[in-house]
Amino acid sequence: MPIQPLTTLSIDDDAYPDDSQVELGFGPDVYSVFNESTTAADVVQFSFDGQITHGKLVPGTPIAAMSWETKGRRVWFRRATAGAAVAVSVMAGSRA
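Our subject in this report is the structure included herewith. (Residues numbered from 1 in each chain as written. Predicted model: local features only at pLDDT ≥ 70, side-chain atom pairs only at ≥ 80, totals over all residues. Heavy atoms only, no water.)

A few points about the packing of aromatic side chains
At step 1: A complete count under the given rule lists 5 aromatic pairs for this structure.
At step 2: For the ring pair Phe 48 and Trp 68, a centre distance of 5.9 Å and an interplane angle of 40 degrees mean the geometry is tilted. With Phe 48 in the loop between β4 (44-47) and β5 (55-57) and Trp 68 in strand β6 (residues 65-69), this residue pair connects regions lying 20 residues apart in the sequence.
At step 3: Among the residues examined, Trp 68 registers a relative accessible area of 29% and is labelled partly exposed. (Phe/Tyr/Trp six-rings, centres within 6.5 Å; stacked < 30°, edge-to-face > 60°. Helix = DSSP H or I, 4+ residues; strand = E, 2+ residues; numbered from the N terminus. Buried < 20%, exposed > 50% of the residue type's maximum accessible area, 1.4 Å probe, protein only.)

Details of the sheet that holds strand β8 (residues 86-93)
At step 1: Strand order in this open sheet of 4 strands is β1-β8-β3-β6, and the pairing throughout is antiparallel. The open sheet has two free edges, formed respectively by β1 (3-11) and β6, since each of these has just one partner strand. On average, each strand axis in the sheet is tilted by 20 degrees relative to the strand beside it, whichever way the strands run. (Pairing = 2+ DSSP bridges. Axes fitted to C-alpha atoms, helices over the stretch in contact; angles between N-to-C directions.)

Overview of the pattern of salt bridges
At step 1: Under the criterion given, the structure shown has 3 salt bridges.
At step 2: Of the charged contacts, one joins Arg 95 and Asp 29 as a salt bridge, the two residues approaching to 3.3 Å between their closest N and O atoms. Taken together, the residues Arg 95 in the segment after β8 and Asp 29 in the loop between β2 (22-23) and β3 (30-35) connect sequence positions 66 residues apart.
At step 3: Where Arg 79 meets Asp 42, a salt bridge forms, and the shortest distance between an N and an O atom there is 3.0 Å. Linking Arg 79 in strand β7 (residues 74-79) with Asp 42 in the loop between β3 and β4, this pair joins segments that are 37 residues apart in sequence. For the pair Arg 79 and Asp 42, one class covers both residues: buried.
At step 4: Through salt bridges with shared partners, one network takes in Asp 29, Lys 71 and Arg 95. (Salt bridge = Lys/Arg side-chain N within 4 Å of Asp/Glu carboxyl O.)

Rendered as structure tokens:
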């Protein structure tokens, strides 16, 4: 069973970068992502193709952390609005 151990990223840009911040060597069954900030304005969005926003992580709400079932090998992150860096933790795994 391949896994991506806990990785913490620093997200400070309000645009998705050209290259993904996470790239796996296997097709996961699920990603778990968590916005570590406690500041409500530190909303982070994520994408599995670098263009469409597939979800957002809002500190202090039930969606500060979420799991997403997808086989996508890459993930992009951006802040919803410009600001200081926000720590985002990522894990992924496959049952195969």
